[in-house]
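# Chains, contacts and geometry: an overview
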Amino acid sequence: MDVNRRFSEDARAVRVAIVDALFRAGGGHYGGAMSVTDILLALYRGIVCQGGDLNRHNRDRVILSKGHAAIALYAVLKHLGLLPNMDLGRYGAFGGCLEGHPDMTATPGVDFSSGSLGQGIAAGLGMAFACRRKSHIWVIVGDGECQEGQVWETALIAARYSVSNLHVIIDNNDAQEVGWSYDPRLEQRPLVNIEAKWQSFGWATMTVDGHNYDSLLNAYHWAQTSDLPSVIIAKTTKGKGLSSMERDPVKFHCTTLSQEEHQLLLGELDAAEIGA
Amino acid sequence: MLQKLGHECGEYLAEIGSTDPSLWVLDGDLADSDGAEAFANIHPDRFISAGVAEQAMVSIAAGMAACGCRPWAFSFASFLCYRAYDQIRVSVSQTKLPVTLVGAYAGGCGGRNGKTHLALNDIAVMATLPNIQIWAPADRNDVRLAVELILQEAGPVYIRLPRLAQPALPGPAEPIRWIGQPSSIAMVAYGASTQWAIRAQELLHQQGIEIGILHFLRVWPISITDITKFFANVTYALVVEDHYPMGGLADLLRHTGHSGPIEAAGWPPFWAGQSGSDLDVLGFAKLRSSDLASRIIRIQDGLMIKERPFNISEAHS
């Protein structure tokens, strides 16, 4: 069994777990969880878990700054055996240890809390300073999240200090919660000229297919050898893997589904090509 | 020579930092004003200037604390507490990480800077976030004790410091203590307002009136044990605040269970601040030492009147 096929099976299994969990939890951020799943899976499987004992102080750290996709993080951690006894259906439940947005005080394996967009890169920069460049710090943000000013404050500082062990991955699914669809004369995408923007702030950039394991691994390896802080622009699709979700990103930003809708999603996953 | 309390803080951190490699200092491009430069000059490898970026600075500090460091993030109290409030809420208060936030130029005496640079409700906004201790040193010894005790703590801390250098208080520093003999009518104060209270105490002493000052170095949390102990014989407390009356120490005392008569003398709630010398703004707000002394005398007279039995002949005289 080749590595790529195994990854696509992992990617499908994680998506099934997410759909199941969100239905049992009463709803959630389906679309953004699906767009970030492969990024997280490739990162943990291919990089973080390859580095040795995850309890050692100088291990790599991951911050899911787009914290509303928390269920994807939890599902990936559980699939890789890092949350063995966790019931994903308790996502967002009182006392369930899986807060709606990542909470480092509640869930083992969560390196930093998130939920208020724009703060994760700075927290990651702090980690990068603290570990004196001995670990790699990976921060996953949304493209809409890059509208927060703090993102750019932090980008300036990281470039000034040449913090080369800080790596940002943008889940570039070209969508956000509402956007500007009410006025078609306006630019609709959350962020444009992304490479140019980050390069002008002094970062190294690479744009990849955010659903292809080989492309993602290649990007992660590139980032590890960069002399500058690096940003990987991962082109993704909101709702990736489920055709009804991909067709309606606004509805599936955050929603609650009926039993029938839920069953339809599971059927779509069976038929989908994922992780190719 | 007296120096600003921010510099006292930075200097003492630098001293301790020589043997404690976990100490880092961050600053928001105000190091020469807020005192962070005193650390930066000695330990440049453990100093990070975030530039004019308070939100990033606070989150960076939190990330460092998550990896075992003890970061102290300096700025003006206004920019730290207000500009970066969400970052303090989410990355420091909610995570309970050992980040110490040093807010210089707290209170209403901003000199030429004026209203944008003042922090008049920083205690209110910080005390209403879970897990954050609040310290308000009034002199060099207070700063040094605060630094020592904070480094023994494992969670978030906010220290507010006045703008200018402050003379030494009489007696050794303690978290809560009397300055002068305990009295039944007492002034309660912290930070710069303790200095105002001391001058009022002296004015009252010259008139033969002895009023003690209950000085708080740590403003929050307050324990009911401390209230019981220190307020046991206090019949009336005038809390002098370099802060709005709402949400300052008087309110925190009431919230913690102090049930005796208590009033706050602070900056007028309708006042957003303005440029001016300390004397000018304190005079405007009736917070000069002479104002405080007059207020104590009125309190004293008022309490004495209430204790006298009602006399019709006096009422018509």
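Just above sits the structure.
Anyway, here's the lowdown on the structure attached to this text. (Residues numbered from 1 in each chain as written. Chains lettered and ligands numbered in written order. Predicted model: local features only at pLDDT ≥ 70, side-chain atom pairs only at ≥ 80, totals over all residues. Heavy atoms only, no water.)

It is worth spelling out the overall build of chain A at this point. Broken down by element type, chain A carries 9 helices and 5 strands. Seen in sequence order, chain A has helices and strands lined up from the N terminus as α-α-β-α-α-β-α-β-α-β-α-β-α-α. Relative to the globule expectation of 19 Å for 276 residues, the C-alpha radius of gyration of chain A, 18 Å, shows essentially globular dimensions. Sequence separation of at least 24 residues holds for 75% of the intrachain contacts in chain A that already meet a minimum separation of 6. If you sum the accessible surface of chain A, you get close to 11000 Å²; carbon and sulfur atoms cover 50% of it. (Helix = DSSP H or I, 4+ residues; strand = E, 2+ residues; numbered from the N terminus. Rg over C-alpha atoms; globule rule 2.2 N^0.38 Å. Contact = heavy atoms within 4.5 Å. Areas by Shrake-Rupley, 256 points an atom, 1.4 Å probe, with all protein chains shown as cover.)

Residues and elements named next belong to chain A. Spatially, β1-β2-β3-β5-β4 is the arrangement adopted by the 5 strands of the open sheet, whose pairing is parallel. With partners counted over all chains shown, the strands left at the sheet margins are β1 (61-64) and β4 (204-209), one partner each. Taken pair by pair, the neighbouring strands of this sheet meet at an average axis angle of 20°, ignoring direction. Bridge count for β4 against strand β5 (residues 230-235) is 6 bridges, and the pairing is parallel. Across the sheet, M206 pairs through a bridge with I232, a residue of β5. (Pairing = 2+ DSSP bridges. Axes fitted to C-alpha atoms, helices over the stretch in contact; angles between N-to-C directions.)

Our next topic: the sheet that holds strand β8 (residues 185-189) of chain B. Residues and elements named next belong to chain B. Pairing in this open sheet of 5 strands is mixed, and the strands run β7-β9-β8-β11-β12 from one edge to the other. For this open sheet the edge positions go to β7 (176-179) and β12 (262-265), each flanked by a neighbour on one side alone. Within the sheet, the average angular offset between the axes of one strand and its neighbour, ignoring direction, is 25°. Alignment of strand β11 (residues 236-240) against β12, held across 4 bridges, turns out to be parallel. If you follow L238 over to β12, its bridge partner there is E263. The sheet strands contacting helix α9 (residues 192-206) are β7, β8, β9 (212-216) and β11, and the helix crosses β8 at an angle near 155°.

On to the state of the cysteines, then. Covalent bonding between the sulfur atoms of two cysteines defines a disulfide. The final tally for this structure, using the stated rule, is 0 disulfides over all chains. Of all cysteine sulfurs, the one in B:C67 lies closest to A:C131, which takes part in no disulfide; the gap is 6.1 Å. (Disulfide = S-S within 2.5 Å.)

Turning next to the nonpolar core. In terms of nonpolar packing, the biggest core is built from 88 residues, with A:L166, A:W198, B:F216, B:F231 and B:L253 touching the most fellow members. Residues in contact with A:W198, not counting those within four places in the same chain, are A:I121, A:C146, A:V151, A:W152, A:A155, A:I170, A:W203, A:T205 and A:V231. By size, the runner-up hydrophobic cluster in this structure holds 55 residues, among which are A:I47, A:I71, A:Y74 and A:Y91. (Core = buried A, V, L, I, M, F, W, Y, C linked by side-chain atoms within 4.5 Å. Buried < 20%, exposed > 50% of the residue type's maximum accessible area, 1.4 Å probe, protein only.)

For the rest of this paragraph, the subject is the packing of helix α4 (residues 54-66) of chain B against helix α6 (residues 85-93) of chain B. Residue and element names in this part refer to chain B. It is at 9 Å that the axes of α4 and α6 come closest, and there the two elements cross at 5°. It follows from the interaxial angle that α4 and α6 lie roughly parallel. Taking contact as the criterion, the partners of Q55, V58, S59 and A62 in α4 are, on α6, Q87, I88, S91 and V92. Looking at the contact of α4 with α6 residue by residue, the classes come out as 4 nonpolar, 4 polar and no charged. (Parallel < 35°, antiparallel > 145°, perpendicular 65-115°, else oblique. Nonpolar A, V, L, I, M, F, W, Y, C, P; charged D, E, K, R; others polar.)

Here we take up unusual backbone geometry. Following B:W220, the chain continues to B:P221 via a peptide bond in cis, the omega torsion being 5°. Relative to the elements of secondary structure, B:P221 occurs in the loop between β10 (218-220) and α10 (224-230). Of note in the backbone geometry, A:D174 takes a positive phi value of approximately 60° without being a glycine.

Residues and elements named next belong to chain A. Its place among the elements puts H262 in helix α9 (residues 259-271). By relative accessible area, which is 4% here, H262 ends up buried. In contact with H262, other than residues within four places in its own chain, are V19, D20, F23 and L257.

Once that is clear, we can look at the interface of chain B and chain A. Between chain B and chain A, the residue contacts involve 27 residues of the former and 21 residues of the latter. Overall, the association of chain B and chain A removes approximately 1900 Å² of surface from exposure, summing both partners, and the carbon and sulfur fraction of that is 63%. Interface area lost by chain B to chain A is led by B:I60, B:C67 and B:T95, which between them contribute 26%. Where chain B packs against chain A, one counts 0 salt bridges. There are 8 residue pairs in polar contact (both at pLDDT 80 or more) connecting chain B and chain A. Those elements that provide at least two residues to the side of chain B that touches chain A are β2 (47-49), α4 and α6 of chain B. Of the residues forming the side of chain B that touches chain A, the biggest block, 9 residues, is contributed by α4(B). (Buried area = accessible area lost by both parts, 1.4 Å probe. Salt bridge = Lys/Arg side-chain N within 4 Å of Asp/Glu carboxyl O. Polar contact = N/O pair within 3.5 Å; in protein donor to acceptor, adjacent residues only side chain to side chain.)

All names here are of chain A. Within this structure, the stated rule accounts for 17 salt bridges over all chains. A salt bridge links K251 to E261, with the shortest nitrogen-to-oxygen separation between them at 2.7 Å. In this pair, K251 sits in the loop between α8 (243-247) and α9 while E261 sits in helix α9, placing the two residues 10 residues apart along the sequence. Judged by relative accessible area, which is 30%, K251 ranks as partly exposed. Taken together, the shared-partner salt bridges in this structure form one network comprising D20, R24 and D87.

The buried fraction of helix α3 (residues 70-79) of chain A is high, at 8 of 10 residues. Those residues of α3(A) that fall on the buried side of the exposure criterion are A:A70, A:I71, A:A72, A:L73, A:Y74, A:A75, A:V76 and A:L77.

Relative to the helices and strands, A:H211 resides in the loop between β4 and α7 (213-224). A polar contact is formed between the side chain of A:H211 and the side chain of A:D38, at a distance of 2.7 Å.

Okay, the pairing of β11(B) next. Residue and element names in this part refer to chain B. In terms of residue burial, β11 counts as a mostly covered element, since 5 of its 5 residues are buried. Burial of the side chains of β11 extends over both faces: Y236, L238 and V240 are buried on one face and A237 and V239 on the other. Judged from the 5 bridges that link them, β8 and β11 form a sheet pairing that is parallel. Bridging from a neighbouring strand, A189 pairs with V240 of β11. Handedness of the β-α-β unit built from β11, helix α11 (residues 249-256) and β12 comes out right-handed. (Right-handed = clockwise from strand over helix to strand, strands pointing away.)

What follows covers the pairing of strand β6 (residues 157-160) of chain B. All names here are of chain B. In β6, alternate side chains face the same way, and those of V157 and I159 on one face and Y158 and R160 on the other are all buried. Bridge count for strand β4 (residues 100-104) against β6 is 4 bridges, and the pairing is parallel. Paired with V102 across the bridge in β6 is I159. Relative to β6, strand β5 (residues 133-135) runs parallel, the two being bridged by 3 bridges. Residue pairing for β6: W135 is matched across the bridge by I159. For the handedness criterion, the β-α-β arrangement of β5, helix α8 (residues 140-150) and β6 is classed as right-handed.

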